[in-house]
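Next come the chains, spelled out residue by residue.
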Amino acid sequence: SDVCSSDLDSTAILLTFRAIAFRELKQYELSIETFKLALAKRSREGEILNFAKFERALTYEAMGKKALAIKELQKILASNYEDKAAQEKLAELQK
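Only a predicted model underlies this, so the values are computations on that prediction, with no experimental measurement involved.

Draft legend 1. Geometry of the overall build of the protein chain. Summing up its helical and strand segments, the protein chain has 5 helices and 0 strands in all. Helices and strands in the protein chain line up, N terminus first, as α-α-α-α-α. Taken against the 2.2 N^0.38 rule, which gives 12 Å for 95 residues, the C-alpha radius of gyration of the protein chain at 13 Å falls within 12% of a compact globule. Taking the principal axes of its C-alpha atoms as reference, the protein chain extends roughly 45 × 30 × 15 Å. When each of the 95 residues of the protein chain is scored for burial, the buried share is 40%. Working note: accessible area of the protein chain is about 5,900 Å², and carbon and sulfur atoms make up 55% of it. Positive and negative side-chain charges of the protein chain, numbering 16 and 15 respectively, have mean locations separated by a distance of 7 Å.

Draft legend 2. Representation of the pattern of salt bridges. For the structure shown, the criterion picks out 6 salt bridges. Linking Glu 24 and Arg 23 is a salt bridge whose minimum nitrogen-to-oxygen distance equals 3.6 Å. Glu 24 sits in the exposed class, given a relative accessible area of 55%. Glu 92 serves as the salt-bridge partner of Lys 89, at 3.0 Å between the closest nitrogen and oxygen.

Draft legend 3. Region of interest: the packing of helix H4 (residues 66-79) against helix H5 (residues 84-93). H5 packs onto H4 with a crossing angle of 150° between their chain directions and a minimal axis gap of 9 Å. The orientation of H4 with respect to H5, classified from their angle, is roughly antiparallel. Remark: the crossing between H4 and H5 carries left-handed chirality. In this structure, H4 contributes Lys 66, Ala 69, Ile 70, Leu 73, Gln 74, Ile 76 and Leu 77 to the contact, and H5 contributes Ala 86, Gln 87, Lys 89, Leu 90 and Leu 93. Taken together, the residues that form the contact of H4 with H5 break down as 8 nonpolar, 2 polar and 2 charged.

Draft legend 4. Region of interest: the side chain of Arg 56. Residue position: Arg 56 is located in helix H3 (residues 46-62). One polar contact links Arg 56 to Glu 72, side chain to side chain, over a distance of 3.0 Å. The residues touching Arg 56, leaving out its near neighbours within four places in the chain, are Ile 32, Phe 35, Lys 36, Leu 39, Glu 72 and Lys 75.

Parameters and conventions
- Residues numbered from 1 in each chain as written.
- Predicted model: local features only at pLDDT ≥ 70, side-chain atom pairs only at ≥ 80, totals over all residues.
- Heavy atoms only, no water.
- Helix = DSSP H or I, 4+ residues; strand = E, 2+ residues; numbered from the N terminus.
- Rg over C-alpha atoms; globule rule 2.2 N^0.38 Å.
- Buried < 20%, exposed > 50% of the residue type's maximum accessible area, 1.4 Å probe, protein only.
- Areas by Shrake-Rupley, 256 points an atom, 1.4 Å probe, with all protein chains shown as cover.
- Lys, Arg positive; Asp, Glu negative; His and termini not counted.
- Charge placed at Lys NZ, Arg CZ, Asp CG, Glu CD.
- Salt bridge = Lys/Arg side-chain N within 4 Å of Asp/Glu carboxyl O.
- Axes fitted to C-alpha atoms, helices over the stretch in contact; angles between N-to-C directions.
- Parallel < 35°, antiparallel > 145°, perpendicular 65-115°, else oblique.
- Left-handed = near helix turned anticlockwise from the far one by under 90°.
- Contact = heavy atoms within 4.5 Å.
- Nonpolar A, V, L, I, M, F, W, Y, C, P; charged D, E, K, R; others polar.
- Polar contact = N/O pair within 3.5 Å; in protein donor to acceptor, adjacent residues only side chain to side chain.

Structure representation (structure tokens):
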């Protein structure tokens, strides 16, 4: 089936917001699983992927998994070095 990329992108955005909601409810495992779905398609817009990765980093931080949060932020900066939010969060976590 021929799904246009904007459909994939809106699905990724919806999944990301669902994952954030799970995190807010402290349903961390569900949150991480939902982020996996959001990030499953490499064809998605880089900006959306990075948004999902950033939020997943915050989830790892909330879970006390600092090393995974740092790794996630480094992935964002590898593809977009200018990402200020990722830079600031990384600096904060590496203190």
